[in-house]
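# Geometric and topological summary
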Amino acid sequence: MGTNQSEKLSNASFAATRSERISEYKNRRQAFDYEKVPAPSVDDFKAKGWEFDKALKTGIRLRRPKSNVEMLENRFWSVLYLLGFEQLNVGHEFVVPIDADGDRIAKKISVLGIDEDTIVVADCQTAESLRRKSAFSLVADLDTHKRAIANTLRKFLG
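Turning to the sheet that holds strand β9 (residues 119-122), a few remarks are in order. As summarised here, the arrangement of the four strands in space is β1-β5-β8-β9, forming an open sheet in which the pairing is antiparallel. Of all strands in the sheet, those with a lone pairing partner are β1 (14-15) and β9, marking the two edges. Here strand β8 (residues 111-114) pairs with β9 via four bridges, running antiparallel. What sits directly across from Leu112, in β9, is Val121. In the packing of helix α3 (residues 68-82) onto the sheet, contacts are made with β5 (87-89), β8 and β9, and the angle to β8 comes to roughly 5°. Its contacts with the sheet put helix α4 (residues 136-157) on β1, β5, β8 and β9, and the angle it makes with β9 is roughly 135°.

Glancing now at the side chain of Ser110. Inspection of the secondary structure puts Ser110 in the loop between β7 (103-108) and β8. Accessibility expressed as a relative area gives 1% for Ser110, which makes it buried. Of the polar contacts made by the side chain of Ser110, one reaches the side chain of Asp123; its length is 3.4 Å. Setting aside chain neighbours within four positions, we find Ser110 in contact with Glu73, Asn89, Ala122, Asp123 and Cys124.

Turning next to the confidence of the model for the chain. Here the chain averages 86 in pLDDT, and 92% of its residues register 70 or above. The least confident element of the chain, judged by mean pLDDT, is α4 at 83; the most confident is strand β4 (residues 59-65) at 96.

What follows is about the sheet that holds strand β3 (residues 51-56). The strand order across the open sheet built from three strands is β2-β4-β3, with neighbouring strands paired in antiparallel fashion. Looking along the sheet, the strands with just one partner apiece sit at the ends: β2 (32-37) and β3. Averaged over neighbouring strand pairs, the angle between their axes works out to 25° when direction is ignored. Note: β3 against β4, five bridges, orientation antiparallel. What sits directly across from Ala55, in β4, is Ile60.

What counts, and at which threshold
Residues numbered from 1 in each chain as written. Predicted model: local features only at pLDDT ≥ 70, side-chain atom pairs only at ≥ 80, totals over all residues. Heavy atoms only, no water. Pairing = 2+ DSSP bridges. Helix = DSSP H or I, 4+ residues; strand = E, 2+ residues; numbered from the N terminus. Contact = heavy atoms within 4.5 Å. Axes fitted to C-alpha atoms, helices over the stretch in contact; angles between N-to-C directions. Buried < 20%, exposed > 50% of the residue type's maximum accessible area, 1.4 Å probe, protein only. Polar contact = N/O pair within 3.5 Å; in protein donor to acceptor, adjacent residues only side chain to side chain. pLDDT = per-residue confidence, 0-100.

The following block contains the structure:
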């Protein structure tokens, strides 16, 4: 994003208007990322995992499947959108600046939804294969910072 979110939250961090939410929803419901490139650059992009999608008048459109974690974030974000949340984070690099033990750190949040009565803070995690792993450390990290996150959101919302 254009603003330095590690310093403070801004209204640019959120899809707060109906048109912004619709635009973000349309982008998030697609299973692929798309890139328009000039024909000579196609081989460079294919080496990075992009594949041919279609030929255009002024170049080639390539596509690449979104990662599992991005798809999970998109699905959860879309649920909040369909539930009617009024403010939702934009993009996948959303951070909330917090004070932790006297230090100012930026806590990455996967999905943040704000409604009239509710705030949802989510940290989405995935694994490539099914395995046993305790989610305790993930939950404990969020639990440790929940008060600092809440304080930052209170200041932002007034």
